[in-house]
Amino acid sequence: MPPRSLARFALLASGAATVVVAATLLGPTPLSWEDIRQVSVRPWFTGEAPTQVFWHIRVPRTLLGAVAGAGLAIGGVVLQALFRNPLAEPYTLGLASGASLAAACGFLFLPDGVRGNFAGIPTLVLCAFLGAAGAMALVYGLSRVRAGRDTDRLLLAGVCVAYLCAAGVLLIFFFSDRAVTLDTVFWMMGALGRQRPQAIFEILLVLVPTLVFVAWKHRALDLLALSDDVAATRGVSVGRVMWGSYVLVGTLTAVIVANCGPIGFVGLMIPHISRALFGVRTLPLLLGGALLGAAFLSLCDGLARLLPQADLPVGVVTNVLGAAFFFYLLATRDVVHTAARN
């Protein structure tokens, strides 16, 4: 990594850590300077209200946002390189739609059991993960029906599966009563408020191997970002790298959606911002994107908590910011023709 990139990375790492720590201080219950001092000098298990709010609510929720944001950003970096498409992101593959459909089915057919547990895993999380995994398998199968350029067919198959699952969710809404529909809609907005301590470790269990694999194959992804032919002539096993990256990113996205709901636009925005800071090389782009994604989503959730007497889902904040960022891309860059050429 060039010295300039190393300096930027170090600065970004310190800034991201500061943002994540600051996000723990945001919320509807204000913490005074005395409360913050008590939190910093007293053990986490004390029974005082500020300590309870800080350690048992805000810290786990902020850490969940950090690991989820890092995972979505990594997925965006990898998929934009594989598809050579600046508009690609993890949810392009229909994973979020599959998870949403499965969760909606759980609300409809298991109105009580969906709030229970199966083998220590909440039923809603299990339904969402199975739905995302099923969507990933369906996209893979559709993309392999005929011979052709796999990345093109993979992207189109993801769009088809997303529309199919969206239609299924609408049917769930139609056949559900009002209470079940409201619960389903709240989950589908993307929220970190129903966090479990295990959720952080579940995401990390997939995030770390994905990060290691992509960092190991960063040169291959650099070549794949140019073209499949260039990568193949340089000795890259195109199919192995592409499908390995797809399965890992798909599984990572499925775990994130299962625990947090569908949180959009993070995988679209963060790679563009990271690319502006670190260039197009996969390794610095990947590491910078992970830090930016962690800081971005944890900060968005902190801002969502500032709304009084309401737990605003973080997906609402990311959708608003993502739409604004998308308008910015359309106004300043020729992303449509770039995507069409690729």
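Up top you'll find the structure we're talking about.
Please read all numbers here as calculations on a predicted model, not as lab measurements.

Undergrad: Describe the overall build of the protein chain, listing the residues and the values that go with them.
TA: Secondary structure summary: the protein chain contains 15 helices and two strands in total. Residues classed as buried in the protein chain amount to 50% of the 342 residues present. A separation threshold of at least 6 residues defines the contact pool for the protein chain, and within that pool the share at least 24 residues apart is 76%. Carbon and sulfur atoms make up 70% of the accessible area of the protein chain, which amounts to about 16100 Å² in all.

Undergrad: Run through helix 12 (residues 266-278), naming residues and quoting values.
TA: Taking 1.5 Å per residue, 13 residues should reach 18 Å; helix 12 reaches 18 Å between its end C-alpha atoms and fits that length. Where helix 12 is concerned, the buried positions are V266, G267, L268, M269, I270, P271, H272, S274 and F278. Of the residues trailing helix 12, G279 is marked for its positive phi of about 85°.

Undergrad: Tell me about the packing of aromatic side chains, residues and numbers included.
TA: The full count for this structure, using the stated rule, is three aromatic pairs. Residues F213 and W216 carry aromatic rings whose centres are separated by 6.3 Å and whose planes lie at 75° to one another, so their mutual orientation is edge-to-face. Of the two residues, F213 and W216 are both situated in helix 8 (residues 197-216); the distance of three residues between them amounts to about one turn of the helix. A ring pair is formed by W243 and Y246, whose centres lie 5.6 Å apart and whose planes are at 80°; its orientation type is edge-to-face. Of this pair, W243 and Y246 both sit in helix 11 (residues 238-260), three residues apart, which is roughly one turn of that helix. Accessibility assignment for this pair places W243 and Y246 in one class, buried. Across the ring face of W216, the terminal group of K217 is positioned such that the distance to the ring centre comes to 4.1 Å.

What counts, and at which threshold
- Residues numbered from 1 in each chain as written.
- Predicted model: local features only at pLDDT ≥ 70, side-chain atom pairs only at ≥ 80, totals over all residues.
- Heavy atoms only, no water.
- Helix = DSSP H or I, 4+ residues; strand = E, 2+ residues; numbered from the N terminus.
- Buried < 20%, exposed > 50% of the residue type's maximum accessible area, 1.4 Å probe, protein only.
- Contact = heavy atoms within 4.5 Å.
- Areas by Shrake-Rupley, 256 points an atom, 1.4 Å probe, with all protein chains shown as cover.
- Expected span 1.5 Å × (residues − 1).
- Phe/Tyr/Trp six-rings, centres within 6.5 Å; stacked < 30°, edge-to-face > 60°.
- Lys NZ or Arg CZ within 6 Å of the ring centre and 35° of its normal.

The analysis is restricted to geometry; functional conclusions fall outside its scope.
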